[in-house]
Amino acid sequence: MKLFFSIISLAVIMAASSFVFASGSIENTQEIPATEETAVQNETEKPAEQPKKAKPSKSKTILKAFNKAVEERDYITGLEIWQNAKDYINNEEEPNKEDISETFAFIENTINDYLNDVEFEKVAVPPATTKGKAFKSAFSVKLVSKTGMVNPQNLKYTVTYPIIDEEGKKTTAKQVLEPSEDGTIEFTSPAFQGAISSSATFKVDLPEIVYTDFANAPSIDLPYLVATNMKASGGSIAIVDFTKAGKPITSNSETSSAVLTELIKKGFTRIGNCDFVNEVVSKNDAAVQRSASELFGKSVTYLIYGTVKYDTVEKTDAGFHVVLRAELKARHILQNKELFATTIISEATEKSEWAAINAARKKLAYTASNQVLYGM
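To keep things clear, this report deals only with the structure shown in the data block. (Residues numbered from 1 in each chain as written. Predicted model: local features only at pLDDT ≥ 70, side-chain atom pairs only at ≥ 80, totals over all residues. Heavy atoms only, no water.)

Description of the pattern of salt bridges
Working step 1: Applying the stated criterion across every chain yields a total of 13 salt bridges.
Working step 2: Of the charged contacts in the structure, one is a salt bridge between Lys203 and Glu208, with a shortest N-O distance of 3.5 Å.
Working step 3: Here Lys203 falls in the partly exposed class, since its relative accessible area comes to 21%.
Working step 4: It is possible to trace a salt-bridge network through shared partners that takes in Lys174, Lys203 and Glu208. (Salt bridge = Lys/Arg side-chain N within 4 Å of Asp/Glu carboxyl O. Buried < 20%, exposed > 50% of the residue type's maximum accessible area, 1.4 Å probe, protein only.)

So this is what it looks like as structure tokens:
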């Protein structure tokens, strides 16, 4: 084979030499002027210019990139392409703008298919803790793909949970999580320095716009419950019930008694009812504070007070429908500060008016007791 290429090369060199040296050496060779005929011939022998390739359309470029991301299961890149396409469509100043609506619709439908394929499952929720104490175990969930279209272990996740900032305000923090080998996503919360009834929210670590634009983007809320540390601190309740005519009841308060019962069930001790009708009805917090300090001295730490009024009492085809509205507050008497304020709407429908009122009040008392337990 080498010999074959050597012979060919030698023949080419000899042919070139005989052409160059036909009229003498390179130095003595004179340039022959081109005649009109040779000029035309030379012009004819020039290779024709190749037509320039057309630039691919914006739509094709986007679609090609998105299909590549789908093929490689690169979900984040696929979502970035979707967002870029959306920005392109919404940009009115884009020069030479193309119609990519059909491609964009295809991309959105594909993303919807992927999002519909996954959902979170609850694995474990730690029991409620107490202010300042860490939860005894971790919060954990798992993302499941119904068809196997998505590999959950290729993704990262976030959890949003309550914190108290440096100024003492309740807010939230976010943490990025990675799944364990079995796909479980775990979050161990730091101790919460307050009482709260909230959630630890798990999501896939995707651009926030995905959760804004796609209602089926997967997320799950786990109860995040931190109880007050004042259960045994000693307290009192002064809730004033109103009649249907809008007059305060001064003789007794059925709601105060119902809330007291619920709080005792939840472990509160050294707590009872008291009578601050005028101060509570006047909505004068300073007057409530002053009267409580004079009556209790330092024997009571907190006071739960407020009003309960009727929003609705009506006869319906199903019976009597009652709606109660409670405006409640909790106050730290020893520190002269408000612990929380809340509005509770409670309703019930029963065959008799009395039964409906009683059922609505029981619901209200249960909700109020939880507000105290996780808000004070």
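Topic: the pairing of strand E5 (residues 170–177)
Working step 1: Note: strand E4 (residues 157–164) against E5, eight bridges, orientation antiparallel. By the bridge assignment for E5, Tyr157 is matched with Leu177.
Working step 2: The turn linking E4 back onto E5 is made up of five residues, and Gly168 within it adopts a positive phi angle of 85°. (Pairing = 2+ DSSP bridges. Helix = DSSP H or I, 4+ residues; strand = E, 2+ residues; numbered from the N terminus.)

Regarding the environment of Leu364
Working step 1: Relative to the helices and strands, Leu364 resides in helix H10 (residues 353–375).
Working step 2: Each C-alpha atom of the pair Leu364 and Glu347 lies 8.3 Å from the other, and the pair is 17 residues apart in sequence.
Working step 3: The contact partners of Leu364, leaving out residues within four places of it in the chain, are Thr255, Val308, Leu324, Ala326, Ile344 and Ser346. (Contact = heavy atoms within 4.5 Å.)

A closer look at the packing of helix H3 (residues 58–71) against helix H5 (residues 101–117)
Working step 1: For the pair H3 and H5, interaxial distance at closest approach is 10 Å and the crossing angle is 15°. Here H3 is positioned roughly parallel relative to H5, judged by the angle of their axes. In the crossing of H3 with H5, the sense of the turn from one axis to the other is left-handed. Across the interface between the two elements, Ser59, Ile62, Leu63, Phe66, Asn67 and Val70 from H3 touch Thr103, Phe106, Ile107, Thr110, Ile111 and Tyr114 from H5.
Working step 2: Taken together, the residues that form the contact of H3 with H5 break down as eight nonpolar, four polar and no charged. (Axes fitted to C-alpha atoms, helices over the stretch in contact; angles between N-to-C directions. Parallel < 35°, antiparallel > 145°, perpendicular 65-115°, else oblique. Left-handed = near helix turned anticlockwise from the far one by under 90°. Nonpolar A, V, L, I, M, F, W, Y, C, P; charged D, E, K, R; others polar.)

A short note on the sheet that holds strand E12 (residues 319–332)
Working step 1: Read across the open sheet, the five strands follow the order E10-E9-E11-E12-E13; overall the sheet is mixed. Edge positions in the sheet fall to strand E10 (271–273) and strand E13 (337–350), since each of these pairs with one other strand and no more. Averaged over all pairs of adjacent strands, the angle between strand axes in this sheet comes to 20°, irrespective of strand direction.
Working step 2: Bridge analysis of strand E9 (residues 235–241) against strand E11 (residues 302–316) gives seven bridges, and the strand direction is parallel. Bridge assignment links Ala238 to a residue of E11, and that residue is Tyr305.
Working step 3: Its contacts with the sheet put helix H7 (residues 254–265) on E9, E10 and E11, and the angle it makes with E9 is roughly 145°.
Working step 4: Across the sheet, H10 lies against E9, E11, E12 and E13, angled at about 150° from E13, the strand it touches most.

Re helix H9 (residues 285–296)
Working step 1: For H9, which comprises 12 residues, the first-to-last C-alpha distance of 16 Å matches the rise-based estimate of 16 Å (1.5 Å per residue) to within 8%.
Working step 2: Within H9, burial applies to Ala287, Val288, Gln289, Ser291, Ala292 and Phe296.
Working step 3: Buried residues in H9 make contact with E9, helix H8 (277–281), E11 and E12.
Working step 4: Taking the backbone nitrogen of Ala286 as reference, a side-chain oxygen 3.1 Å away marks Asn284 as the first, capping residue of H9.
Working step 5: Gly297 sits one or two positions beyond H9 and adopts a positive phi of about 65°. (Expected span 1.5 Å × (residues − 1). Polar contact = N/O pair within 3.5 Å; in protein donor to acceptor, adjacent residues only side chain to side chain.)

Regarding the nonpolar core
Working step 1: With 44 residues, the main nonpolar core has Ile111, Phe120, Phe139, Phe202, Val204 and Tyr224 as its most contacted residues.
Working step 2: It is helix H4 (residues 75–90) that provides the largest number of residues to this core, a total of six residues.
Working step 3: Of all hydrophobic cores here, the second largest spans 30 residues; its members include Val259, Leu324, Ala348 and Tyr374. (Core = buried A, V, L, I, M, F, W, Y, C linked by side-chain atoms within 4.5 Å.)

Topic: empty space enclosed by the protein
Empty space among the atoms becomes visible once a probe the size of a water molecule is rolled across them.
Working step 1: Evaluated as defined, the whole model comprises one cavity of 30 Å³ or more.
Working step 2: There is about 260 Å³ of room inside the largest cavity.
Working step 3: Looking at the largest cavity, it is lined by 18 residues, and the ones nearest its centre are Tyr75, Leu79, Ile111, Tyr114 and Leu115.
Working step 4: Listed by contribution, the elements that provide at least two residues to the lining of the largest cavity are H3, H4 and H5.
Working step 5: For the lining of the largest cavity, the per-class residue count stands at 15 nonpolar, two polar and one charged. (1 Å grid on protein atoms, 1.4 Å probe; cavity = no way out; pocket = protein on both sides within 12 Å on 5 of 7 lines; lining within 4 Å. Points joined across faces, edges and corners; volume = space filled by probe spheres on them.)

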